Amino acid sequence: MRNSTTGVSRRSVLGVLGLGVLVSGCASTAPSAYYSLQAADVGSLRGRSSRVQVLVAAPRALKALDSSYIAVVEKGPVYTYFPGSAWADTLPNVVQLKLQETLQNTGRLRGVGVPGDGLLIDYQLQTEIRAFELRVGGASRGVVEISARVVNDRNGRTVATEVFRAETPAGSTSVDKAVEAMNASADRVFSAITAWTLKHV
């Protein structure tokens, strides 16, 4: 199945019916390939640890992105998905854990966790995934857009809000190139969110 469907044709991304065909055609069988994301390179952000502990909340996302399907977006936007391939978990879970890992890798915080870790939290990093997809129609590109908010967990007040976005040319519509481009965009977004979070906690 993967040999004939790793590329996404223009016809496959037109219309809501196309989305249904791509999803339903592979829903009954396990994907033949799973993809994940890399934690961003934070070498320049490493430094002395503070006493602050940060909770990385579960990201919010539209239902179209709140799944393990790897999204392809035509103008509109119309969402379709790569058949035979999936994220290693639901996209919000993958993003949450990679944001946590990126913050941890800086060594700048006393603790970084997710709900259930039992930390005494000082701040929350709350996010919303606005885009995480291969954009087609013109030059194919991996687009990642995440809005972020830092909240003081002691009083519930918002400390700062920001929207982070990156686009990376994919070069083709194959799933491998699409994920590579999304990874590159995510690396820039995660790095920027991490630097911004450290500035506000």
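Just so we're clear, the structure is a prediction, and the values are computed from it rather than from any experiment.

**Student:** Explain the overall build of the protein here, please?
**Tutor:** A tally of regular secondary structure across the protein gives four helices and ten strands. Going residue by residue from the N terminus, the α and β elements of the protein occur as α-α-β-β-β-β-β-β-α-β-β-β-β-α. Here the protein holds 201 residues, and 49% of them are scored as buried. By sequence separation, contacts in the protein at least 24 residues apart represent 72% of the contacts at least 6 residues apart. In the form shown here, the protein has an accessible surface area of approximately 10,000 Å², with 49% of it arising from carbon and sulfur atoms.

**Student:** Explain the packing of helix α3 (residues 91-106) against helix α4 (residues 175-200) here, please?
**Tutor:** To describe two helices that pack against each other, one gives the angle between their axes and the distance between the axes. One can describe the packing of α3 onto α4 by two numbers: an axis separation of 10 Å at closest approach and a directional angle of 55 degrees. Accordingly, the angle class assigned to the pair α3 and α4 is oblique. Here α3 and α4 pass one another in a crossing that is right-handed. When α3 is examined against α4, the residues Val95, Lys98, Leu99, Thr102, Leu103 and Thr106 are found in contact with a partner set consisting of Phe190, Ile193, Thr194, Thr197 and Leu198. Here the residues of the contact of α3 with α4 sort into six nonpolar, four polar and one charged.

**Student:** Can you help me understand the pattern of salt bridges in this one?
**Tutor:** Two side chains of opposite charge can pair, provided their charged atoms sit close to one another. Across all of its chains, the model carries eight salt bridges by this definition. Here Glu133 ties to Arg135 by a salt bridge, and the two come within 2.7 Å at their closest N and O atoms. Notably, a salt bridge pairs Arg165 with Glu145, separated by 2.5 Å at the nearest N-O pair. With Arg165 in strand β10 (residues 158-169) and Glu145 in strand β9 (residues 141-152), this pair connects stretches of sequence that are 20 residues apart. Because the salt bridges share partners, they merge into one network encompassing Arg130, Arg141, Glu145, Arg165 and Glu167.

**Student:** Quick question: what am I supposed to make of the environment of Ala148 here?
**Tutor:** Position of Ala148 relative to the elements: it lies in strand β9. By relative accessible area, which is 4% here, Ala148 ends up buried. Each C-alpha atom of the pair Ala148 and Val163 lies 6.1 Å from the other, and the pair is 15 residues apart in sequence. Once residues lying within four places of it in the same chain are set aside, the contact partners of Ala148 are Leu125, Gln126, Thr127, Ala160, Thr161, Glu162, Phe164 and Trp196.

**Student:** Any chance you could explain the packing of aromatic side chains here in plain terms?
**Tutor:** Pairs of aromatic rings are described using the distance from one ring centre to the other and the angle between the two planes. Within this structure, the stated rule accounts for three aromatic pairs. For the ring pair Tyr69 and Tyr81, a centre distance of 5.1 Å and an interplane angle of 45 degrees mean the geometry is tilted. Of this pair, Tyr69 sits in the loop between β3 (60-61) and β4 (71-74) while Tyr81 sits in strand β5 (residues 78-81), and the two are twelve residues apart along the sequence. Owing to a relative accessible area of 8%, Tyr81 belongs among the buried residues under this scheme. Taken together, a centroid distance of 5.4 Å and an interplanar angle of 70 degrees make the contact between Phe164 and Trp196 edge-to-face. Of this pair, Phe164 sits in strand β10 while Trp196 sits in helix α4, and the two are 32 residues apart along the sequence. Per residue, the accessibility class of Phe164 equals that of Trp196, and both read buried.

**Student:** Even after reading the chapter, I still don't get the nonpolar core, so can you show me in this structure?
**Tutor:** Counting 50 residues, the largest nonpolar core has Ile70, Trp87, Val95, Leu125, Phe132, Val189 and Phe190 as its most contacted members. By residue number, the principal contributor to this core is α4, which donates eleven residues.

**Student:** Can you help me understand the side chain of Ser185 in this one?
**Tutor:** With respect to the helices, strands and loops of the structure, Ser185 is situated in helix α4. For Ser185, a relative accessible area of 0% corresponds to the buried category. Among residues more than four places away in sequence, those in contact with Ser185 are Gly142, Val144, Ala166, Glu167 and Thr168.

**Student:** It is not clear to me how the layout of surface pockets should be interpreted in this structure. Could you clarify?
**Tutor:** Gaps between atoms show up when a probe of the same size as a water molecule is rolled over them. Its boundaries defined by the atoms lining it, the largest pocket holds a volume of some 190 Å³. Surrounding the largest pocket, 13 residues form its lining, Arg60, Gln126, Thr127, Glu128 and Arg149 being those nearest its centre. Element by element, the count of residues in the lining of the largest pocket is highest for strand β8 (residues 123-135), at four residues. Across the lining of the largest pocket, the residue classes tally to four nonpolar, four polar and five charged.

Cut-offs and rules
Residues numbered from 1 in each chain as written. Predicted model: local features only at pLDDT ≥ 70, side-chain atom pairs only at ≥ 80, totals over all residues. Heavy atoms only, no water. Helix = DSSP H or I, 4+ residues; strand = E, 2+ residues; numbered from the N terminus. Buried < 20%, exposed > 50% of the residue type's maximum accessible area, 1.4 Å probe, protein only. Contact = heavy atoms within 4.5 Å. Areas by Shrake-Rupley, 256 points an atom, 1.4 Å probe, with all protein chains shown as cover. Axes fitted to C-alpha atoms, helices over the stretch in contact; angles between N-to-C directions. Parallel < 35°, antiparallel > 145°, perpendicular 65-115°, else oblique. Left-handed = near helix turned anticlockwise from the far one by under 90°. Nonpolar A, V, L, I, M, F, W, Y, C, P; charged D, E, K, R; others polar. Salt bridge = Lys/Arg side-chain N within 4 Å of Asp/Glu carboxyl O. Phe/Tyr/Trp six-rings, centres within 6.5 Å; stacked < 30°, edge-to-face > 60°. Core = buried A, V, L, I, M, F, W, Y, C linked by side-chain atoms within 4.5 Å. 1 Å grid on protein atoms, 1.4 Å probe; cavity = no way out; pocket = protein on both sides within 12 Å on 5 of 7 lines; lining within 4 Å. Points joined across faces, edges and corners; volume = space filled by probe spheres on them.

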